[in-house]
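Close look at the chain arrangement
Listed below, chain by chain, are the residues.
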Amino acid sequence: MNVDAVIRTLHPLEVRVLRHFSADEEITTDRMIDSLGFNLGQCNQALSWLTAKDCVTEKARAQRVVYELTDLGREYRDRGTPEERIVGHLREKGPARLPELATALNLENRDVGSAYGQMSRDGLLSMDEEKRVMLNADGESRNMTLVRNLLDRTGSFETIDDGDLDDDERTVMSGISKKRGASNSAFRTAEREEVTFTLTPRGTEMKSALERAGITGEEIGTLTPEMLKDGSWKGRSFRAYNIQFPPGRLIPGRRNAYSEYLDQVKDKLTSLGFEEFDGPLVETEFWNSDALFMPQFHSARDIHDVYYIKNPDHAREIEEPYLSQVAATHENGWKTGSTGWNYSFDREFTRRQILRSQGTVLSAKTLPRANIPGRYFGVVRCFRYDKVDATHLSDFYQTEGIVLGEDVNLRTLLGLLQMFAEELAGATEVKYVPGYFPFTEPSVEVHIKHPVLGWFELGGSGIFRPEVTEPLGIKVPVLAWGLGIDRMALMHLGLDDLRELFSQDIESVRLRRRK
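First, a word on what this report is: a plain description of the structure on this page. (Residues numbered from 1 in each chain as written. Predicted model: local features only at pLDDT ≥ 70, side-chain atom pairs only at ≥ 80, totals over all residues. Heavy atoms only, no water.)

A separate point is the packing of helix α7 (residues 98–105) against helix α8 (residues 109–121). α8 packs onto α7 with a crossing angle of 120° between their chain directions and a minimal axis gap of 9 Å. With respect to each other, α7 and α8 are oriented oblique. The interaxial crossing formed by α7 with α8 has right-handed handedness. From α7, Leu98, Pro99, Leu101 and Ala102 reach across to α8, where they touch Asn109, Val112 and Tyr116. For the contact of α7 with α8, the class distribution of residues is 6 nonpolar, 1 polar and no charged. (Axes fitted to C-alpha atoms, helices over the stretch in contact; angles between N-to-C directions. Helix = DSSP H or I, 4+ residues; strand = E, 2+ residues; numbered from the N terminus. Parallel < 35°, antiparallel > 145°, perpendicular 65-115°, else oblique. Left-handed = near helix turned anticlockwise from the far one by under 90°. Contact = heavy atoms within 4.5 Å. Nonpolar A, V, L, I, M, F, W, Y, C, P; charged D, E, K, R; others polar.)

Below is the structure:
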């Protein structure tokens, strides 16, 4: 691109730098601030752009120490230092005790004490027999004068360069500045790296081209309603617009798609009269499996299928009478009419703590307090060892629920499953398959067809067996389901892989929508 074309793409900050400095002149941020009125950020931005365009090049680099005025320093500069305020008060009001000075001048006791100590050493103040502070001379100490001069020299930039101080000033500055924790000091000591630039031959060529084209950097970039109203645009030059330049990207805020979907499911169920339940991630074997009539020798309770808690590894106790009633149900059926599993129930094993492996644990824990009739649900995070792939994760969410009542039956359950599969998952092809679970009879699995992944199981359901409900105090039919809400979201959001629900790719999350 030739020079005449490039100069019309320059930012006004770049134009002003090129127009202002000559070929052999040193360019520094301080000079740009003084002569062009830039702030430090504008200086750095302009130099960065011009360096990238090979218009300026670095000539030298040096470290320097500067002293920056703090908030406390601004207060001292504008209202006076503690020493100055104490002298002024004593001159006007006469002798006073230190606490009286602190109250009258709204200063901390330590600041008044420190100021008095310094001024007494300088011979400016002393105390009488009544412990009142007196002014010995109608003037200022050299230390006070030097501090005042330093505060006044900060100027609009509120900094002083160490190289501009003489030995006496540097000694005083060391007492009123800190490098770290400077909130209680007048100045903050900072180290800055100063880089000096000069124009390159290309920068000089650009400068000449700008002068020929009459581009000053003062051109109007935005025509505002105010300018149209007051006519200030008349006689002014305008920056050229490149209509081929891509517009700025607008990224509106939005919620995570999966989080939003979970709330939609909750809203749907609560609108149908369901009450939400929740519980801890750590459960005992008792509630996770034993209360669900899953025998303690069941293969799903192997260490390869559940995660054990290392410390503490066992709960202190299990609530009675549920422990004894569930134990008896396992051993001989208790009063349920069942023969049980015919083994000796291990009461030590049942206290073992694990990460819950199924959401049905909360359904079991809800039964002792449930209303009849009643409807309950939960969106529950579960943990189970599994090989991660497009339809399996090692930690996942399930939506769990129970419906209690004298009149509920399998037809009621199938209607709920249809709502989950069609309305909440968005599936068009659904089938119901007989299944087996230790805690339900009959048991039903619901399967849906994904357009890419094909048929997969959405979850299991059924009617709780008496061996589950009666030991927990329930004597009416209880419908129960545990469905993979991750898989429902997979279908609903039009995704092909469960891992996309928890992706770290912010662009993927930002653009995710239902297909």
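In this section: the nonpolar core. Ranked by size, the top nonpolar core spans 39 residues in total, and within it Tyr261, Phe420, Ile448, Trp481, Ile485 and Met488 carry the most contacts. For this core, the elements supplying multiple residues, two or more each, are α13 (257–271), β10 (374–383), α17 (410–424), β13 (440–450), β14 (454–464), β15 (478–484) and α19 (485–492). Here this core takes 7 residues from α17, the largest share from any one element. (Core = buried A, V, L, I, M, F, W, Y, C linked by side-chain atoms within 4.5 Å. Buried < 20%, exposed > 50% of the residue type's maximum accessible area, 1.4 Å probe, protein only.)

Quick look at a nonpolar patch on the surface now. Taken together, the side chains of Leu223, Leu228, Trp233 and Phe238 make up a nonpolar region of the molecular surface, amounting to roughly 360 Å² of accessible area. Mapped onto the secondary structure, Leu228 falls in helix α12 (residues 225–230). (Patch = residues over 30% accessible without salt bridge, like charges linked within 9 Å, V, L, I, M, F, W, Y side chains within 5 Å. Areas by Shrake-Rupley, 256 points an atom, 1.4 Å probe, with all protein chains shown as cover. Salt bridge = Lys/Arg side-chain N within 4 Å of Asp/Glu carboxyl O.)

Another point: the pairing of strand β11 (residues 395–404). Counting buried residues in β11 gives 8 out of 10 residues, a clear majority hidden from the surface. Across 10 bridges, β10 lies against β11 in antiparallel orientation. Within β11, the residue paired with Val379 across the bridge is Thr399. As defined by bridge partners, β11 adjoins β15 across 7 bridges and the pair is classed as antiparallel. Paired with Gln398 across the strands is Gly484, a residue of β15. (Pairing = 2+ DSSP bridges.)

This paragraph deals with the sheet that holds β14. An order of β7-β10-β11-β15-β14-β13-β12 is seen for the 7 strands of this open sheet, with the pairing classed as mixed. Either end of the sheet is taken by a strand with one partner, and the two such strands are β7 (275–276) and β12 (430–434). Contacting β7, β10 and β11, α13 crosses the sheet at an angle of about 160° to β10.

A word on the pattern of salt bridges. Going through the model one piece at a time under the given rule, you end up with 37 salt bridges. With a shortest N-O distance of 3.2 Å, Asp162 and Arg170 are connected by a salt bridge. Among the ionic pairs, Asp167 bridges to Arg170, the shortest N-O distance being 3.5 Å. Remark: Arg170 and Asp167 occur in helix α10 (residues 167–176); sequence separation between them is 3 residues, near one turn of the helix. On the accessibility criterion, Arg170 (28% relative accessible area) is partly exposed. The structure contains a network of salt bridges with shared partners spanning Asp71, Arg74, Arg77, Asp78 and Glu158.

Looking now at the sheet that holds strand β1 (residues 56–69). Note on sheets: strands pair through backbone hydrogen bonds, and any given pair is parallel or antiparallel. Spatially, the 4 strands line up as an open sheet ordered β4-β1-β6-β5, and their pairing is mixed. A strand with exactly one partner marks an edge of an open sheet, and here the two such strands are β4 (159–161) and β5 (177–178).

Attention shifts here to helix α5 (residues 71–79). Along α5, the residues that are buried comprise Leu72, Gly73 and Tyr76. Viewed along the axis of α5, the buried residues span an arc of 100°, placing them on a single side of the element. Away from its buried face, by an angle of more than 90 degrees, α5 presents the exposed residues Asp71, Asp78 and Arg79. Residues of α5 that are buried in the fold lie against β1, α6 (82–93) and α9 (142–152). Backbone geometry just after α5 places Gly80 at a positive phi near 105°. (Arc of directions from axis to C-beta.)

Turning to the side chain of Thr329, a few remarks are in order. Positionally, Thr329 belongs in helix α15 (residues 322–332). In terms of polar contacts, Thr329 uses its side chain to reach the backbone carbonyl oxygen of Gln325, at 2.7 Å. Residues contacting Thr329, with those up to four places away along its chain left out, are Phe293, Trp334, Thr336, Gly340, Trp341, Glu467 and Pro471. (Polar contact = N/O pair within 3.5 Å; in protein donor to acceptor, adjacent residues only side chain to side chain.)

In terms of residue burial, β14 counts as a mostly covered element, since 9 of its 11 residues are buried. Summarising the sheet, β13 and β14 pair through 9 bridges and their orientation is antiparallel. Bridge pairing links Val444 to Ser461 in β14. Counting the residues in the hairpin turn of β13 and β14 gives 3 residues. Relative to β15, β14 is paired through 5 bridges, and the arrangement is antiparallel. What sits directly across from Ser461, in β15, is Trp481.

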